[in-house]
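Architecture at a glance
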Amino acid sequence: VVSGVGAVSGFGWGVEALWQGLHAGATAIRRLRRFDPTPHRTHLAAEVPLPAPAGAPGGGDRRLSLADRFALAAAVEALAAAGLAPPDRPRPAAERARQPAARESVEQGIGEGAVGVYFGSSTGGMWESEGFLAGLLGGPRRTLHTLAAQQVNGPGDAVARALGVTGPVATVSSACASGALAIGAALAALRTGEIEVALAGGADSLCQLTYAGFNALRAVDEGPCRPFQSGRGGMSVGEGAAVLVLEPLARALARGVTPLAVLAGAGATCDAHHMTAPEPGGAGAALAIAAALADAGLGPGDIDFVNAHGTGTPLNDTAEWRALAEVFGARAASLPVTATKAGVGHLLGSSGALEAVVTVLSLARGELHPVPRGAAAVDPACPVALVVDRPLRLPAARAAVSTSLAFGGANAALVLARPAATAA
Amino acid sequence: MSRAVVVTGLGTAGAYGCGRAALERALAAGEVPAPAEIDRSGGYHRRPGARRLLLAPMTALAPWLPPAEARRMSPPSRLAVAAARMALAEAAIAPEEVAGPATAVVIATSFGPSSFSEALVRQVLTEGPEAASPYYFTESVANAAAAQIAISCAARGANLTLCQREAGALLALGRGAAEVAAGRADRALVGAVDEIAPLTHALLDRFGGLARRRPDRAEAAAARQGERAAGGGEVGRPFDRRRNGVVAAQGATVLLLETEEAAWRAGRRPLARILGWGSAFDPSAPPSGWGRGAAQLGRAMRRLLARCAPELAVDGKLTSREDGEGGSAIGGPATGVGASDGPATGVAAGDGPATGVSASDGPAIAALRAIDRIVSGAAGTRAGDRLEAQVLHAAWDGLPLPPVLVPKGVTGEYGGGFLGALVLAAAGAPFGPAAGFGEPDPALGLAPHDGGPLPAPRLLLASSLAAGGAAAWVVLGAP
């Protein structure tokens, strides 16, 4: 089950900031300030507000990248929600100097090696690497410590290091499906009994490489992205992190924690079609959804809404609609669809994790967030039942699908359910 | 569902050449391939510093990857696709036969297509963002190699790229095996690919990770006698007293995994059986260094072995391993057998007492005693090799270590070479003297196998610890 969630997004630090922003139909996509967007073709992004709130974990560790800090904040929030947060104990000065972000081990009371960290990231500490390279090319010099955590596995490792995790730690870097694939990997490890508790999620920060790269592909909308809508012109780049605490139901209940949702199934496939373009018919995505449903032991009729990948690129949204039509048949046109990227942009390697968190919140709160106010009409080429204008009450929603479709054709789908739905 | 998983194909490209036979020859000879000189013109490097690396010959990939295809790919994608095709060819499977959703792809990479990332960032910083090449961007993602493998043979199953530094290759092998064992895929193309761009090389050097030229008296004497010193003195010396870093390497290995039943049904002779896999993390490790958690990692290794003991066909009884093969422990006690012998290696594990032995350790101890070969990921770093030795001692906890093979002395530091070598070791391929090794380090309490003849192993443990704290292990069985 999912016993806790945490998030950092363009709406701010924490799950409540995320939910309130989405629920209000707002968007965090604004003019970019992290670096000068003027020479770029587009000028918007969904940036996490900085500086971090006072007391945010990892603030004193210069070796942490921005993505690491996002990851750590989301992980600590998720653990707290699950009633598993380790105390931020007073530690000797020498240890603080060596590991400023470290806390007491989260494994206390669970078992050595019984907690695993499964993270998705696309670029890790690329933002810091760019600063270092700029220094080598004549810009302001940066010290080597800024590069210590530049690796893609930086965010997952930083979480494990700070929380004293001694179980498996694995970073998936499969572009925009990374976060969802990492959650699927965590589910597999829980089922085999390799671990008792998983911290699963993803983190990525804005950087010039991805901003310029997606612009070079002409895949970025000049305005805020408009998933599934007529006239959409592409994605909006975002940043942030999201983490889910996953554990067996009995373990959560024994602690007196009411599960937020059940991670019922995961599926993964590949289009094997093109490096950047999705398979136009959505066959690979449909297979991933079908695999996730089969893994969950549910059928299409058990699904009450979809949190779509919904990037806002003309090709992705059309392919995704065809995938939904393939799986859900005639129901596809009336199945409620939310598109979280319209509010927080595309979090790349962490988007699947953040959208899984939003799906959990939607199930737990019985409500789907709308796309931001002022949405255009839904494109007839991808006629999903998009939630627009105001939140959609779905208090009886039983289960939902969250999709992630990536560069290189990697597809991932997660099935999340209300605890009562699976208990029945 | 849990199905027996075997390796039936191995494709590889490294400085040793292309194909399984090339790697086999290099390992048997225990010779370091001729190194290349890193391009230092980017201005990233400090002087003096490491200058060498081991490069796969990209032009030799042509039989596997026509230039018209290669021109659309980054170096890691080219290497990985070529290696995947070699693996399929070795298993006598046409690419069309693996097309479809039953074929998964799991690839590990430490730094991804770093030359393309570097070129793209450089374009943005020096020429402006509008100069950014969409081609560079498309192939700069870490999963480019896995995606290109899938495209090349229409593999529509799960497609994962794992980034966990030196532990990535074994994590990928375990994950691919899990996909097949659980029935989520019928086969998996699993591998590791690494590219060493000038910037990556320079950064590894700045962090003190690369072997540098520092000839000592013995080396100078050896040179006078005509002994070749690879890399002009930049030598990866796993477990050697004089080790001072790794030799970075570029290449790829891809394995074909399938169920044992399918392999035999099709008449394909397995190279190795995959019997268990597991991983752990040492939170005491700094982001780019090595920690002090040897005892904790040793316990994790034992838990893995206990978990997969049923697969190893051992029953928990303490049976005597057939010795006489020349174990690798030096300076420590020889043959502790009883469960009460306790830690006795003489090598401090770093984070407190080692494992302690209890009755519940029976399956793990039986598994440890059944393992007759270790393939270690030690590559010549001071702290990394020390930690590796401590972890092995902590896990074995006084029991004699089986012979330890250290292929990274030959392949250089890249996951693919290690992956290929451990499968060949399981298949009984001969290993020559440990390249780069000459002087035991008394602080480690172990020495790599000296190259003498060994019987084919029955059970092999592969161990790889990563800078930053990750650790992964895989247990392979003879075919």
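Residues numbered from 1 in each chain as written. Chains lettered and ligands numbered in written order. Predicted model: local features only at pLDDT ≥ 70, side-chain atom pairs only at ≥ 80, totals over all residues. Heavy atoms only, no water.

In terms of helices and strands, chain B carries 15 helices and 13 strands. Across the 479 residues in chain B, those meeting the buried criterion constitute 65%. In chain B, once contacts between residues fewer than 6 apart in sequence are set aside, the share between residues at least 24 apart is 81%. Accessible surface, chain B as shown: approximately 15,700 Å² in total, 53% of it carbon and sulfur. (Helix = DSSP H or I, 4+ residues; strand = E, 2+ residues; numbered from the N terminus. Buried < 20%, exposed > 50% of the residue type's maximum accessible area, 1.4 Å probe, protein only. Contact = heavy atoms within 4.5 Å. Areas by Shrake-Rupley, 256 points an atom, 1.4 Å probe, with all protein chains shown as cover.)

This brings us to the overall build of chain A. Across its full length, chain A holds 13 helices and 16 strands. Here the C-alpha atoms of chain A give a radius of gyration of 20 Å, agreeing with the 22 Å that 2.2 N^0.38 yields for 424 residues. For the C-alpha atoms alone, the extent of chain A along its principal axes is close to 65 × 55 × 40 Å. Among the 424 residues that make up chain A, the fraction classed as buried is 67%. For chain A, the share of sequence-separated contacts (at least 6 apart) that also reach a separation of at least 24 residues comes to 78%. If you sum the accessible surface of chain A, you get close to 12,700 Å²; carbon and sulfur atoms cover 56% of it. Positive and negative charge centroids in chain A, built from 31 and 33 side chains respectively, lie 6 Å apart. (Rg over C-alpha atoms; globule rule 2.2 N^0.38 Å. Lys, Arg positive; Asp, Glu negative; His and termini not counted. Charge placed at Lys NZ, Arg CZ, Asp CG, Glu CD.)

The accessible area lost on association of the parts is a frequent measure of interface size. Every contact between the two is made by 64 residues of chain A and, on the other side, 63 residues of chain B. When chain A packs against chain B, close to 5,300 Å² is buried across both sides, 63% of that on carbon and sulfur atoms. Ranking the residues of chain A by area buried against chain B places Glu112(A), Arg161(A) and Met275(A) at the top, with a combined share of 12%. At the junction of chain A and chain B, the tally comes to three salt bridges. A salt bridge links Arg299(B) to Glu112(A), with the nearest nitrogen and oxygen atoms 2.9 Å apart. Among the secondary structure elements, those contributing two or more residues to the side of chain A that touches chain B are α4 (126-136), α5 (154-162), β6 (169-172), α6 (178-192), α7 (208-216) and β9 (262-270) of chain A. Ranked by residue count, the leading element in the side of chain A that touches chain B is α7(A), at seven residues. (Buried area = accessible area lost by both parts, 1.4 Å probe. Salt bridge = Lys/Arg side-chain N within 4 Å of Asp/Glu carboxyl O.)

The subject of this paragraph is the environment of Leu368(B). All names here are of chain B. By secondary structure assignment, the location of leucine 368 is in helix α12 (residues 362-370). For leucine 368, a relative accessible area of 0% puts it in the buried group. Residues leucine 368 and methionine 301, 67 residues apart in the sequence, show an inter-C-alpha distance of 9.8 Å. Other than its neighbours up to four places away in sequence, leucine 368 contacts Arg302, Leu305, Ala395, Trp396 and Leu399.

Between two aromatic rings, the relevant description is the distance of the centres plus the angle of the planes. All names here are of chain B. Taken as a whole and judged by the stated rule, the model has nine aromatic pairs over all chains. Ring geometry for phenylalanine 116 and tyrosine 136: centres 4.9 Å apart, planes at 70°, overall edge-to-face. Highlighted residues: phenylalanine 116 in helix α4 (residues 114-127) and tyrosine 136 in helix α5 (residues 134-138), separated in sequence by 20 residues. Under the relative-accessibility criterion, phenylalanine 116 is labelled buried at 7%. Taking relative accessible area as the criterion, tyrosine 136 reaches 24% and is therefore assigned partly exposed. Sitting over the face of the ring of phenylalanine 418, lysine 408 holds its NZ or CZ atom 5.2 Å from the ring centroid. (Phe/Tyr/Trp six-rings, centres within 6.5 Å; stacked < 30°, edge-to-face > 60°. Lys NZ or Arg CZ within 6 Å of the ring centre and 35° of its normal.)

Take the pairing of strand β7 (residues 187-194) of chain B next. All names here are of chain B. Here β7 lies mainly inside the structure; eight of its eight residues are buried. Residues Arg187, Leu189, Gly191 and Val193 line one face of β7 and the alternating positions Ala188, Val190, Ala192 and Asp194 line the opposite face, and both faces are buried. Across six bridges, strand β5 (residues 103-108) lies against β7 in parallel orientation. Bridging across to β7, alanine 108 finds its partner in alanine 192. With eight bridges joining them, β7 and strand β8 (residues 251-259) adopt antiparallel strand pairing. Paired with valine 190 across the strands is leucine 255, a residue of β8. (Pairing = 2+ DSSP bridges.)

For any two helices packed against each other, one specifies the inter-axial angle together with the distance between the axes. Contact geometry of α4(A) with helix α8 (residues 198-206) of chain B gives a least axis separation of 13 Å together with a crossing angle of 95°. Here α4(A) lies roughly perpendicular to α8(B), going by the angle between them. Between α4(A) and α8(B), the residues in contact are Phe132(A), Leu133(A) and Leu136(A) and Leu199(B), Leu203(B) and Arg206(B), respectively. Grouping the amino acids of the contact of α4(A) with α8(B) by side-chain chemistry returns five nonpolar, no polar and one charged. (Axes fitted to C-alpha atoms, helices over the stretch in contact; angles between N-to-C directions. Parallel < 35°, antiparallel > 145°, perpendicular 65-115°, else oblique. Nonpolar A, V, L, I, M, F, W, Y, C, P; charged D, E, K, R; others polar.)

A few words on the packing of helix α11 (residues 294-308) of chain B against helix α13 (residues 382-396) of chain B. Residues and elements named next belong to chain B. Where α11 meets α13, the closest approach of the two axes is 8 Å, and the angle between their N-to-C directions is 55°. When the interaxial angle is binned, α11 and α13 end up oblique. In the crossing of α11 with α13, the sense of the turn from one axis to the other is right-handed. Listed contacts from α13 to Ala294, Ala295, Leu297, Gly298, Met301 and Arg302 of α11 are Leu387, Gln390, Val391, Leu392, Ala394, Ala395 and Trp396. (Left-handed = near helix turned anticlockwise from the far one by under 90°.)

Judged by nonpolar contacts, the single largest core of 186 residues is most densely connected at Leu246(A), Leu257(B) and Leu422(B). Per element, the largest residue contribution to this core is 10 residues, and it comes from helix α2 (residues 66-81) of chain A. Ignoring anything within four residues of it in the chain, the contact list for Leu257(B) reads Val5(B), Val6(B), Val7(B), Leu173(B), Gly176(B), Ala177(B), Val180(B), Asp186(B), Arg187(B), Ala188(B), Val190(B) and Ile274(B). Listed in part, the 37 residues of the second largest apolar core include Leu387(B), Val406(B), Ala471(B) and Val475(B). (Core = buried A, V, L, I, M, F, W, Y, C linked by side-chain atoms within 4.5 Å.)

Moving on, we come to the confidence of the model for chain B. Residues and elements named next belong to chain B. Confidence in the prediction of chain B, expressed as mean pLDDT, is 88, and 86% of residues score 70 or more. Scored below 50 in pLDDT, residues 315-326 makes 24 contacts in the model with residues more than four places away or belonging to other chains. Here residues 352-357 is a poorly scored stretch, pLDDT under 50, and it has 20 contacts once near neighbours within four places are set aside; other chains count. As scored by the predictor, the complex reaches a pTM of 0.93 and an ipTM of 0.96. (pLDDT = per-residue confidence, 0-100.)

Moving on, we come to the side chain of Ser173(A). With respect to the helices and strands, Ser173(A) occurs in the loop between β6 and α6. One polar contact links the side chain of Ser173(A) to the main-chain carbonyl oxygen of Ser121(A), over a distance of 2.8 Å. Excluding residues within four positions of it along the chain, Ser173(A) makes contact with Ser121(A), Ser122(A), Val152(A), Ser178(A), Ala142(B), Asn143(B), Thr161(B) and Cys163(B). (Polar contact = N/O pair within 3.5 Å; in protein donor to acceptor, adjacent residues only side chain to side chain.)

With that out of the way, let us pick up the sheet that holds β9(A). All names here are of chain A. If you trace the six strands from one edge of the open sheet to the other, you get β9-β16-β15-β10-β11-β13, paired in mixed fashion. In the strand order of this sheet, the two ends are held by β9 and β13 (385-386), each with one partner. Sheet topology note: the strand β10 (residues 305-307)/strand β11 (residues 336-338) ladder contains two bridges and is parallel. Across the sheet, the residue bridging to asparagine 307 is threonine 338, located in β11. On top of the sheet, helix α9 (residues 283-296) reaches β9, β15 (399-405) and β16 (410-417); it is set at about 145° to β9, its chief contact.

So, about helix α15 (residues 415-426) of chain B. Residues and elements named next belong to chain B. Its 12 residues give α15 an end-to-end C-alpha distance of 17 Å, which sits within 8% of 16 Å, the value for a rise of 1.5 Å per residue. The buried count for α15 comes to 12 of 12 residues, which makes it a mostly enclosed element. The set of residues buried in α15 consists of Gly415, Gly416, Gly417, Phe418, Leu419, Gly420, Ala421, Leu422, Val423, Leu424, Ala425 and Ala426. Once α15 ends, the next one or two residues include glycine 428, with phi positive near 90°. (Expected span 1.5 Å × (residues − 1).)

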